[in-house]
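# Survey of secondary and tertiary structure
One-letter residues, chain by chain:
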Amino acid sequence: MAELPATELTDLGRANGRFTISTLISTEDSSKPHYGQPDAATYEATHPSHLTHSSTFYMRTFGYNTVDVVPTYEHYADTKVAGETSKVRPTLAELHSFLKSDNSRLHNPVYEPQRSNGLSDVTTEEDGGEGGEKPQDEPVRFGWVKGVMIRCMLNIWGVILYLRLPWITAQAGIALTWLIIFMSVTVTSITGLSISAISTNGKVKSGSGTYFLISRSLGPELGGSIGLIFAFANAVAVAMHTVGFAETVRDLLQEHNSPIVDPTNDIRIIGVITVTVLLGISLAGMEWEAKAQVLFFIVIMISFVNYIVGTVIPASEEKQAKGFFSYRADIFAQNFVPNWRGPDGTFFGLFSIFFPSATGILAGANISGDLKDPAVAIPKGTLMAIFWTTISYLAISATIGACLVRDASGSLNDSIPVGSPGCEGLACDYGWNFTECAQKQSCHYGLSNYYQSMSMVSGFAPLITAGIFGATLSSALACLVSAPKVFQCLCKDQLYPLIGFFGKGYGKNDEPIRGYMLTYIIAVGFVLIAELNTIAPIISNFFLCSYALINFSCFHASITNSPGWRPSFRYYSKWAALFGAIISVVIMFLLTWWAALIAIGIIVFLLGYVLYKKPEVNWGSSVQAGSYNLALNYSVGLNEVNEHIKNYRQVIVPQCLVLTGPPNFRPALVDFVGTFTKNLSLMICGNVLIGPCKQKMSESRLTSNGHTKWLTKRKIKAFYTDVVADDLRSGVQTLMQASGLGKMKPNILVMGYKKNWQTAHPRTVEEYTGILHDAFDFKYGICLMRMKEGLNVSRMMQAHINPVFDPAEDRKENGANGVVPTVAGTLDPDALTAEQQASTIFQTEQGKKTIDIYWLFDDGGLTLLIPFLLSRKKRWGKCKTRVFVGGQIHRMDEERKAIVSLLSKFRLGFHEVHVLPDINQKPRPEHIKRFDDLIAPFRLNDGFKDEAVVNEMRRDCPWKISDEEVNKNKVKSLRQVRLNEILLDYSRDAALIVITLPIGRKGRCPSSLYMAWLETLSQDLRPPVILTRGNQENVLTFYCQ
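Only a predicted model underlies this, so the values are computations on that prediction, with no experimental measurement involved. (Residues numbered from 1 in each chain as written. Predicted model: local features only at pLDDT ≥ 70, side-chain atom pairs only at ≥ 80, totals over all residues. Heavy atoms only, no water.)

### Examining the overall build of the protein
Defined as follows: Strands are runs of DSSP state E lasting at least two residues, helices are runs of H or I lasting at least four, and both sets are numbered from the N terminus onward. Contacts are assigned to residue pairs that have any heavy atoms within 4.5 Å of one another. Surface accessibility follows the Shrake-Rupley procedure with a 1.4 Å probe radius. Residue values consider only the protein chains on display as shielding.
For the protein, the helix and strand inventory stands at 34 helices and eleven strands. A sequence separation of at least 24 residues applies to 81% of the contacts in the protein between residues at least 6 apart. Entry remark: accessible area of the protein is about 42,800 Å², with carbon and sulfur atoms responsible for 57%.

Encoded structure:
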């Protein structure tokens, strides 16, 4: 195998650590002229005059005049650039059937080489750029720090941190407080990992955040209900945080004897004014809202520094009277253990109080549409926010527990000489006697009694008050921004009636002004309750519902093993996600059981409504994948159920229709398809029985059960079916048309390569290539498998062989019905099951080899998808996947940018990308001669013959190749020769080679010429070769819906 030149590994930085990118240039041939010169002008076109070197169309596909196109970003993007005609991939009919005489098709802007693809296209589409110029109304986008981390930290920090964490530390002790913190953070961390996986599973195209991610993962049934609840919970959370702020302001007014009306109405007045001001900040736009969040963050950080400084400052007499003595080891030891007091003095009682302070991790995901790169910002920002807030909780709990005793009177008269008799408690050692108030439990200060302990400990108390203001207002502002955006997307999806009015957006950021007003009304309504303890339990349970469904979404998408589940964030576990979902539900009931029942009841009601209405949406959710897998598994299970008069056996249809003949004849073909379809998609092994119907029908009844048992014994989840036909092609046509049940229809035809096409009867070769044409006509994708040692092991089997599909080499020994007389034939199903299972390469561990993909033409992505599914299996998991693409040497940078950008968006996890600029170099003369010798027996040599004689020869021998066809397809023929040289250079030692299958135009390419292409392309290769061509429709997407 040729070494990949290390000196040609260029521009690795552009891969962002995901790919190794190299330009493979043969130094010895770099000075040779590129082939495909004047001959290219007549290649695959009815008007050669339009296909010249000066034609822009000529430059489109790495130097070839071909309708087939290379992979490009526009073929997979859903959005269009204003003012430009969107590029589309040529259809299968345009590639396979006759090329219409349409000059406009060749010169249509669709085929113009707009050199804006690749990364520049990504920039244009994502940034809204047009013509390389920044538009005037470009939306404000945020990075992971300002957009996610700061926003999440502000939403996590709240009143609990300042007013309840010291009290919880006094009750539970430092040890159990840390346990409470770690339990809470475990739930939020698992949820953070799940939301990171979901948010990186495709491009997020909306600012709907959590609702968008859940609904596109779980489907509209659960996604819609949780979206409505989450939007409502955020709206009510605005009121909760505002009421916390208003209570603090009211307490300050009371300290200064300046009440407005009375304690309850003061909260209402302050709360309504505060919500109105926050609404004004939100309506000013995301940029102003982000600036306000940064200001709040700075205030909170200053308050933290102020607190830490206060703990190291020597305590004054006033602070000592209130129980503060700076850092003391014995105080830390006493506060390390619990001291339960009051009705809330239980572990789970304190846990229920603390847990709301750990929520808020979804603040960044809720504005995903306003982030520069949500796939990077959400995981990084969310997890960093959880980390730093956890550190802050642990630090405050440990520090305040090490310098403040549990009980203190606050009276300066309680000072005594150290060692005075009758004094109990640690304060006695420091000259203070708090024994009387401690015994009567009438102390007003100390860790267990004074909620404002952080203010008292701090260096400057007003800064802690400012921190409380910053924490409450920032959380309220984050919820006020999140709720309308979630509700806006829910309205646009039209899952529920009467809410579409609120989906309208305004301005460059599509701001949901109507949604803001609705959120404001809800928030004001709950502010008027003016009771924090009434509002908080409902909100906590609604947020926990969201956490449970987010974790369940991640688990369900992983367990269904859907090909569409390809998150670029890898550090998650489906079992951890399931644990997170279960524990979230458990915590709901531990906090407030009646609020949990209300939340679950609302979800069930909304779920039932969506199930009843069945909205016309299709998001490719994991629920759909799960339904498919369930149907598949139950259908396969019917194979092991004995027939009974009460059972109605349905027709089972696979996704892959594999022409195996008897499956035990071609075990490698069965193992290959079975490897990537197991527990994922359907597979059916098709066999065509050729001969009289009466005879073959009885044979079919005898052998069908045996073949099914053989598949079961081999642990292949597949179905076996056979049809009786006069010839192979009509039988395969029947299989392709009749197979199917509703949406479960085959879409890929898998066949073995006809290795003996040169010695077989030409009509069987016509039949073989005719099957390929039929597959394309029926809109099937095609996979051809070639192995050096061949696929058919029938000479070692005691069974029936189909002579047309793969005839025995010694045709003299074949009987009229195609039974091989050299081996005792048997139709006994038990004998089929009992025979020794043949071992194949697809059953063995592949180790650290490579899977080489040559994605030369854009077929919709099937050439990439099959090896990706294969690489997910354990036996192939250690293999390194390399992607080779063609390019032109004078456009290497653009080619490299385009393919790296496209592959990174597909999230397939491929390891290397290699650009081949020397595809259009002329092959070696000896290889060209070998191709000429290969087609020589099949040529008409009609150059000097009469036209009537030639037409008669063509009518009798349609597989013969005329001189005109040789010349017309010369460039395409030389391409196969050159590609084989490249395969031998770079993939000689690969575990598997997957390459785009060339298409022969129906009626224009003789069967012998097409088989010569396939033979030349795949000859002399040791690893299995998979020639793949999709039906020109996308099977990959980089969107999450």
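### Describing helix 21 (residues 593-613)
Threshold: What a helix should span is 1.5 Å times the count of its residues minus one.
Taking 1.5 Å of rise per residue, 21 residues should cover 30 Å, and helix 21 covers 30 Å from first to last C-alpha, within 8% of that figure. Following helix 21 by one or two positions, Lys 614 adopts a phi angle in the positive range, close to 50 degrees.

### A few points about the pattern of salt bridges
Just so we agree on the cut-off: Only one rule defines a salt bridge in this text: a Lys or Arg side-chain nitrogen within 4 Å of an Asp or Glu carboxyl oxygen.
Per the counting criterion, the structure on display carries 14 salt bridges. Among the ionic pairs, Arg 930 bridges to Asp 1020, the shortest N-O distance being 2.9 Å. Placement of the pair is Arg 930 in helix 30 (residues 925-935) and Asp 1020 in the loop between helix 34 (1007-1018) and strand 11 (1025-1029), with a sequence separation of 90 residues.

### Remarks on helix 8 (residues 220-255)
So the rule is basically this: Burial here depends on accessible area, computed with a 1.4 Å probe over protein chains only, as a share of the maximum for the residue type. Under 20% is buried, over 50% is exposed, and the range in between is partly exposed.
In this model, helix 8 (36 residues) spans 52 Å end to end at C-alpha, consistent with the 52 Å of a helix rising 1.5 Å per residue. Counting buried residues in helix 8 gives 27 out of 36 residues, a clear majority hidden from the surface. Looking one or two places after helix 8, you find Asn 257, whose phi comes out positive at around 55 degrees.

### What to know about the state of the cysteines
Basically, it comes down to this: Counting rule for disulfides: a pair of cysteine sulfur atoms within 2.5 Å.
Under the definition given, this model contains one disulfide. In this model, Cys 437 is linked to Cys 443 through a disulfide, with the two sulfur atoms separated by 1.9 Å. One disulfide, between Cys 437 and Cys 443, carries an S-S torsion of 85 degrees and so falls in the right-handed class. Looking at Cys 437, the relative accessible area reads 11%, which means it is buried.

### Points about the side chain of Thr 519
Its place among the elements puts Thr 519 in helix 18 (residues 513-527). Those residues within four positions of Thr 519 in sequence are excluded, and the remaining contacts are Ala 235, Leu 480, Ala 483 and Pro 484.

### Thoughts on the pairing of strand 11
Put simply, the rule reads: Only strands that DSSP links by at least two bridges are regarded as paired with each other. The definition of a right-handed crossover adopted here requires that, viewed with the strands pointing away, the path from the first strand over the helix to the second runs clockwise.
Burial within strand 11 is extensive, with five of its five residues counted as buried. Judged by which residues are buried, strand 11 turns out to be covered on both faces: Val 1025, Leu 1027 and Arg 1029 on one side and Ile 1026 and Thr 1028 on the other are all buried. Pairing between strand 6 (residues 781-786) and strand 11: five bridges, direction antiparallel. Bridge pairing links Met 785 to Ile 1026 in strand 11. Handedness of the β-α-β unit built from strand 10 (residues 992-996), helix 34 and strand 11 comes out right-handed.

### Describing the nonpolar core
This is how the line gets drawn: Buried residues of nine kinds, namely Ala, Val, Leu, Ile, Met, Phe, Trp, Tyr and Cys, make up a nonpolar core once their side-chain atoms join them within 4.5 Å.
The biggest cluster of nonpolar side chains holds 130 residues, and the ones touching the most others in it are Trp 157, Leu 161, Tyr 162, Ile 180, Phe 354 and Tyr 393. Considering every element that reaches this core, the biggest residue donor is helix 8, with 15 residues. When residues no more than four places from it in sequence are discounted, the contact partners of Leu 161 are Pro 166, Phe 304, Tyr 393, Ile 396 and Met 454. Within the second largest apolar cluster, 63 residues are counted, among which are Phe 719, Val 723, Leu 735 and Ala 1012.

### A word on a nonpolar patch on the surface
The cut-off we apply is this: Nonpolar side chains (Val, Leu, Ile, Met, Phe, Trp, Tyr) are joined into patches within 5 Å and like charges within 9 Å, using only residues with over 30% relative accessible area and no salt bridge.
Together, Val 585, Phe 589, Trp 593, Trp 594, Leu 597, Ile 598, Ile 600, Ile 602 and Val 604 line one region of the surface with nonpolar side chains, adding up to about 800 Å² of accessible area. Of the residues forming the nonpolar patch, the biggest block, seven residues, is contributed by helix 21. Residue placement: Leu 597 occurs in helix 21.

### With respect to a positive patch on the surface
The criterion, for reference: We treat Lys and Arg as the positive residues and Asp and Glu as the negative residues; His and chain ends play no part in the count. Charge positions are represented by NZ for Lys, CZ for Arg, CG for Asp and CD for Glu.
A cluster of basic side chains, namely Lys 678, Lys 715, Lys 717 and Arg 875, defines a positive patch on the protein surface. One can find Lys 678 in the loop between helix 23 (667-677) and strand 3 (683-690). The exposure class assigned to Lys 678 is partly exposed, which follows from its relative accessible area of 32%.

### Points about the packing of aromatic side chains
Two measures describe an aromatic ring pair: the distance that separates the ring centres and the angle between the ring planes. Applied cut-off: When two rings of Phe, Tyr or Trp (its six-membered ring) have centres within 6.5 Å they constitute a pair, described as stacked for plane angles under 30 degrees, edge-to-face for angles over 60, and tilted for the intermediate range. For a Lys NZ or an Arg CZ to count as sitting over a ring, it must be within 6 Å of the ring centre and within 35 degrees of the ring normal.
Counted by the stated rule, this structure contains 26 aromatic pairs. Members of the aromatic cluster, joined through ring pairs, are Trp 157, Tyr 162, Phe 297 and Phe 304. Residue placement shows Lys 504 over the ring face of Tyr 506; its charged tip is 5.2 Å from the ring centre. The aromatic ring of Phe 501 is capped on one face by Arg 514, whose charged end is 4.0 Å from the ring centroid.

### Quick look at the environment of Ile 782
Within the fold, Ile 782 resides in strand 6. Separated by 126 residues in the primary sequence, Ile 782 and Cys 656 have C-alpha atoms spaced 9.6 Å apart. Aside from chain neighbours lying at most four places away, what touches Ile 782 is Leu 749, Leu 772, Ala 775, Phe 776, Leu 997, Leu 1027, Thr 1028 and Arg 1029.

### Details of the packing of helix 6 (residues 165-199) against helix 13 (residues 347-354)
Put simply, the rule reads: To get an axis, fit a line to the C-alpha atoms, keeping to the stretch in contact for a helix; angles then go from 0 to 180 degrees between the N-to-C directions. Throughout, the term roughly parallel applies to angles under 35 degrees, roughly antiparallel to angles over 145, roughly perpendicular to angles from 65 to 115, and oblique to all others. Ten residues, namely Ala, Val, Leu, Ile, Met, Phe, Trp, Tyr, Cys and Pro, are considered nonpolar, four, namely Asp, Glu, Lys and Arg, are considered charged, and the remaining ones, Gly among them, are considered polar.
Interhelical geometry of helix 6 versus helix 13 gives an angle of 75 degrees and a closest axis separation of 10 Å. The angle between helix 6 and helix 13 places the two elements in the roughly perpendicular class. Together, Leu 165, Trp 167, Ile 168, Gln 171, Ala 172, Leu 176, Leu 179, Ile 180, Ile 181, Met 183 and Ser 184 of helix 6 and Phe 347, Leu 350, Phe 351, Ile 353 and Phe 354 of helix 13 make up the contact between the two elements. In terms of residue class, the contact of helix 6 with helix 13 is built from 14 nonpolar, two polar and no charged.

### Quick word on the packing of helix 8 against helix 9 (residues 263-283)
Our working rule: Handedness of each helix crossing follows the sense of rotation of the near helix against the far helix: counterclockwise by less than a right angle gives left-handed, clockwise gives right-handed.
Viewed as axis vectors pointing N to C, helix 8 and helix 9 meet at an angle of 125 degrees, and their least axial separation amounts to 8 Å. What the angle tells us is that helix 8 and helix 9 run oblique. Judged by the twist between their axes, the crossing of helix 8 over helix 9 is right-handed. Contacts between helix 8 and helix 9 involve Val 238, Thr 242, Val 243, Phe 245, Ala 246, Glu 247, Val 249, Arg 250, Leu 253 and Gln 254 on the former and, on the latter, Pro 263, Asp 266, Ile 267, Ile 270, Gly 271, Thr 274, Val 275 and Leu 278.

### Re the side chain of Gln 976
Structurally, the position occupied by Gln 976 is in helix 33 (residues 970-986). Gln 976 gets classed as buried once you look at its relative accessible area, which sits at 2%. Beyond its immediate stretch of four places on either side in the chain, Gln 976 contacts Pro 998, Trp 1013, Thr 1016 and Leu 1017.

### So, the pairing of strand 10
Within strand 10, five of the five residues are buried, which leaves it mostly tucked inside the rest of the structure. Two elements, strand 10 and strand 11, share four bridges in a ladder whose sense is parallel. Paired with Ile 995 across the two strands is Leu 1027, which belongs to strand 11.

### Examining unusual backbone geometry
You will see that Ser 326, though not glycine, has its phi angle at about 60 degrees, which is positive. Among the secondary structure elements, Ser 326 is positioned in the loop between helix 11 (317-321) and helix 12 (329-335). Even without being glycine, Gln 1032 reaches a positive phi, approximately 70 degrees. Taking relative accessible area as the criterion, Gln 1032 reaches 6% and is therefore assigned buried.

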